[in-house]
Amino acid sequence: MASRNSAVFMREVGSSSSPNREMKMADHSRWSELPNHITEMIVNRLGFPDIIRFGAVCRSWRSVYTEVRRPRYHPMVLYEYNLQKGTFGFYSFEDKKVYWINVRDGYQSRHCVGSCESWLVLSSPYLRNYFLLNPFTGARVECPYVNRPDVDLFTKVILLDSPIDLTTKETNYYCTVVALNLFSTELNICRLGDARWNVVLKLDREHFLGCLVYFKNKIYTLSTSGELWIISLSGPMLRATVEKVLVQINLTIGLEFQKECYLVEAEDYLLMVIRIKRKSTKKTVRFVIFKLVQNPGEYKWIREYNLPDDRALFLGRLCSRIVSTTEYGGLQENSIYFTDDKLLHKARVSEYPETGIYNIRSGIITPYHSFDLYPFDLPHIWITPSV
Amino acid sequence: MSSTKIFLKSSDDKTFEIDETAARASETLKNIIDGGCLDGVIPLPNVSSNILPKVIEYCKKHGGDNGSSKKIANGGVDKDKEILPDYDEEEDKREKVRVDELKKWEEEYMDFDQQVLYDLMLAANYLHIKGLLDLTVEKAASMIRGRTPDQIRENFNINSDFTPEEEEEMILIEDEWDDEWAFD
């Protein structure tokens, strides 16, 4: 086995037992007394996971590591996760390597129902609760108690803020969490400091398409009737104001195909990506991209044939993200990195979850890893480490 | 090019000579020179006599130019350089030779242990020699990349000062290929 010394500390979030005990200064190397601004220069040249290992060297380096946190790193694939054992396996596109994180006692969690940047949304069924976990730091934040029998059934969760205040490193109790239930008929909202979840929207005759995105301070989702729902939250009670607009798209697909919709925040634009699968094989054949354009009193989906320069799209049911291929090495531009994470709440599934890179110009699909990431039956999740 | 000589005194009272143009690679020295306080010797109480020659060697190589060293430190020539119609291939070749030569020089120059690295880094910081500071910082970063905390501690001669309780609470991040590469 690999060295157990390659370790990071678990950081308890909101924990009151801050270790304030005397620090033994025996036999210090001069390197741990380097002026902070120089140590910061060194840290700024480190990527992931070197930065985590840097922070595990000694106390003084750890304090610099804690100070100098960059918001996010290279996108990765979380391809193996045993929540009960607390094991996470990541594949990095940057150095084409696999990394593991092991948490001693595991999380007593059955399902991962969401991911947002570096946070996973996990369910703890016995406690009728959800919690947020940053596997890279061990930071854990509890969501309000769900006093309902279908607690297990959130299938899509998004965070509107960071669950941790980056300055104080305490829980950000104002962080808003939005969730869709299993049948995508209810929009549930809470803040981390609230006593409970609230159902802010409920559909009777139709349902949402399972996509939910936060874009320019509003929540966007699509319903089965093709309506775009634009939801603003206001006031201390998070009152929801809904604007519903029917926006037609010009797309005809054959009867042998089915489509899935994704909404993606792409910097200044909101994109709708339609994934077309062959019904017989359940395999993706093509992606079609639309950009939302708002003219006064009118919304339009405009077909886009390419991504902006040097951009790649990470597409998933749990979270999607557009990234710069110049900023992050090892990625192909004008491509869609896709995964099939909608079956997450079913734990392990029999069919092989589909993954790959779709070249938008050529329409060719290639695998994104040169070797098989074992095991093969867990849906891959996009995750962007932050520490 | 004729140049005024400047004298620097190390913390252990040894005096070294340097050309003014070379000394200008250091912001600190440049300010002293421009401030007109050049009568006699500049004392450098934070730089010892075993590091100062090393600093002078760097300044001689980079005297008068503060910018280009950074380019080298960041990986040399730009691979994606756009080829323009009036692109001078010969000039580019000469530039490439110059960059290669400088890289080779830097490689040899930077061949020392962590103790010298530490002192040189602090000297570059104190004398405000940005290129040298970048170079030393990059070397330190390269001694961290791809290594376990244990290997990093060994590289820098640092002892872990975490308590056993803290070690107990550790989350482990492991590199799948540690098995093969950890002990090379």
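Every chain begins its residue count from 1, and numbering advances along the sequence as written. Just so you know, chain letters begin at A and ligand numbers begin at 1, following the order they were written in. pLDDT decides what is reported in this predicted model: residues at 70 or higher carry local features, side-chain atom pairs at 80 or more are listed and counted, and totals for whole chains, interfaces and linings draw on all residues regardless. Note: side-chain values were computed over all heavy atoms of the structure, leaving out hydrogens and water.

Engineer: Tell me about the packing of helix α6 (residues 114–126) of chain B against helix α7 (residues 130–142) of chain B, and name the residues and values.
Structural biologist: Residue and element names in this part refer to chain B. Orientation is described by axes fitted as lines to C-alpha atoms, over the contacting stretch for helices, and by angles from 0 to 180 degrees between their N-to-C directions. Helix numbers and strand numbers start at the N terminus; a helix is a DSSP run of H or I with at least 4 residues, a strand a run of E with at least 2. The N-to-C vectors of α6 and α7 enclose an angle of 145°; their axes lie 8 Å apart at closest approach. Between α6 and α7 lies a crossing of left-handed hand. Contact with α6, carried on its side by Leu117, Leu120, Met121, Ala124 and Asn125, involves Leu132, Leu133, Thr136, Val137, Lys139 and Ala140 of α7 and no other residues of that element. When residue character is reported, Ala, Val, Leu, Ile, Met, Phe, Trp, Tyr, Cys and Pro are called nonpolar, Asp, Glu, Lys and Arg charged, and the others, Gly included, polar. Classifying every residue of the contact of α6 with α7 by side-chain character gives eight nonpolar, two polar and one charged. Crossing handedness: left-handed means the near helix sits turned counterclockwise from the far one by under a right angle, and right-handed means the same turn made clockwise. The contact criterion used throughout is that any non-hydrogen atoms of two residues lie within 4.5 Å.

Engineer: For the sheet that holds strand β14 (residues 218–223) of chain A, give the residues involved together with the corresponding values.
Structural biologist: Backbone hydrogen bonds hold the strands of a sheet together, and the pairing may be parallel or antiparallel. Residues and elements named next belong to chain A. Two strands make a pair as long as DSSP finds a minimum of two bridges between them. Judged by pairing direction, the sheet is antiparallel, and its four strands sit side by side in the order β13-β14-β15-β16 without closing on themselves. If you trace the sheet from one side to the other, it starts and ends with β13 (208–215) and β16 (239–246), each paired once. Strand-to-strand, the axes of this sheet are offset by a mean angle of 20°, without reference to chain direction. As defined by bridge partners, β13 adjoins β14 across five bridges and the pair is classed as antiparallel. Bridge pairing in β14 places Val213 opposite Tyr220.

Engineer: How would you sum up the domain arrangement of chain A? Please name residues and give values.
Structural biologist: All names here are of chain A. Bear in mind that the domain bounds are from an automatic or database domain assignment. On domain assignment, one finds that chain A holds domain 1 (29–68) and domain 2 (69–383). For domain 1 versus domain 2, the separation of C-alpha centres amounts to 32 Å. Facing 13 residues of domain 1, the contacting portion of domain 2 comprises seven residues. Buried area adds together the accessible area that both of two parts lose upon being put together, with accessible area traced by a 1.4 Å probe. Between domain 1 and domain 2 lies a buried interface of about 930 Å² when both sides are counted; carbon and sulfur atoms form 55% of it. A side-chain nitrogen of Lys or Arg and a carboxyl oxygen of Asp or Glu constitute a salt bridge if their distance falls within 4 Å. For the pair domain 1 and domain 2, the number of links is zero salt bridges. Polar contacts here mean pairs of N or O atoms no more than 3.5 Å apart (in protein, one a potential hydrogen donor and the other a potential acceptor; neighbouring residues in sequence count only if both atoms are side-chain atoms). The interface formed by domain 1 and domain 2 holds zero residue pairs in polar contact (both at pLDDT 80 or more) in total. Within the residue set of the side of domain 1 that touches domain 2, elements represented by two or more residues are α2 (50–54) and α3 (59–67). Considering only residue class, the side of domain 1 that touches domain 2 consists of eight nonpolar, three polar and two charged.

Engineer: Outline the sheet that holds strand β2 (residues 15–19) of chain B, listing residues and values.
Structural biologist: Residues and elements named next belong to chain B. Across the sheet, three strands lie side by side as β2-β1-β3; this open sheet has mixed pairing. Of all the strands in the sheet, the pair left with one neighbour each is β2 and β3 (41–43). Going across the sheet, the axis of each strand differs from the next one's by a mean of 35°, ignoring polarity. Bridge count for strand β1 (residues 5–9) against β2 is five bridges, and the pairing is antiparallel. Following the sheet pairing, Lys5 is matched in β2 by Asp19.

Engineer: Describe the pairing of strand β7 (residues 129–134) of chain A, and please don't skip the residues or the numbers.
Structural biologist: Residue and element names in this part refer to chain A. Here the term buried applies to any residue with accessible area under 20% of the maximum for its type, exposed to any over 50%, and partly exposed to those in between, with areas from a 1.4 Å probe on protein chains only. Of all six residues that make up β7, six are buried, and the element is covered over most of its length. Every second residue of β7 is oriented toward a common face, with Asn129, Phe131 and Leu133 on one face and Tyr130, Leu132 and Asn134 on the other, all of them buried. Summarising the sheet, strand β6 (residues 119–124) and β7 pair through five bridges and their orientation is antiparallel. In the sheet register, Leu120 faces β7, and the bridge partner there is Leu133. Summarising the sheet, β7 and strand β8 (residues 139–142) pair through four bridges and their orientation is antiparallel. Across the sheet, residue Asn134 finds its bridge partner in β8, namely Ala139. Joining the antiparallel neighbours β7 and β8 is a turn of four residues, in which Gly138 adopts a positive phi near 85°.

Engineer: Requested: an account of the confidence of the model for chain A, with residues and values cited.
Structural biologist: Of all residues in chain A, 84% have pLDDT values of 70 or greater, and the mean over the chain is 82. Scored from 0 to 100, pLDDT records how confident the predictor is in each individual residue. Of all secondary-structure elements in chain A, the lowest mean pLDDT belongs to strand β1 (residues 7–9) of chain A, at 36, while strand β23 (residues 335–338) of chain A reaches the highest, 96.

Engineer: Account for the pattern of salt bridges, naming residues and giving values.
Structural biologist: Across all of its chains, the model carries 26 salt bridges over all chains by this definition. Close ionic contact of Asp340 of chain A with Lys277 of chain A constitutes a salt bridge, the shortest N to O distance being 3.1 Å. Of this pair, Asp340 of chain A sits in the loop between β23 and β24 (356–359) while Lys277 of chain A sits in strand β18 (residues 269–278), and the two are 63 residues apart along the sequence. Residue Glu108 of chain B pairs with Lys104 of chain B through a salt bridge whose shortest N-O separation is 3.5 Å. Residue Glu108 of chain B and its partner Lys104 of chain B are located together in helix α5 (residues 89–109), separated by four residues, close to a single helical turn. Across the pair, Lys104 of chain B and Glu108 of chain B agree in class, each one exposed. Salt bridges sharing common partners tie together Arg45 of chain A together with Lys130, Asp134, Glu138 and Arg145 of chain B.

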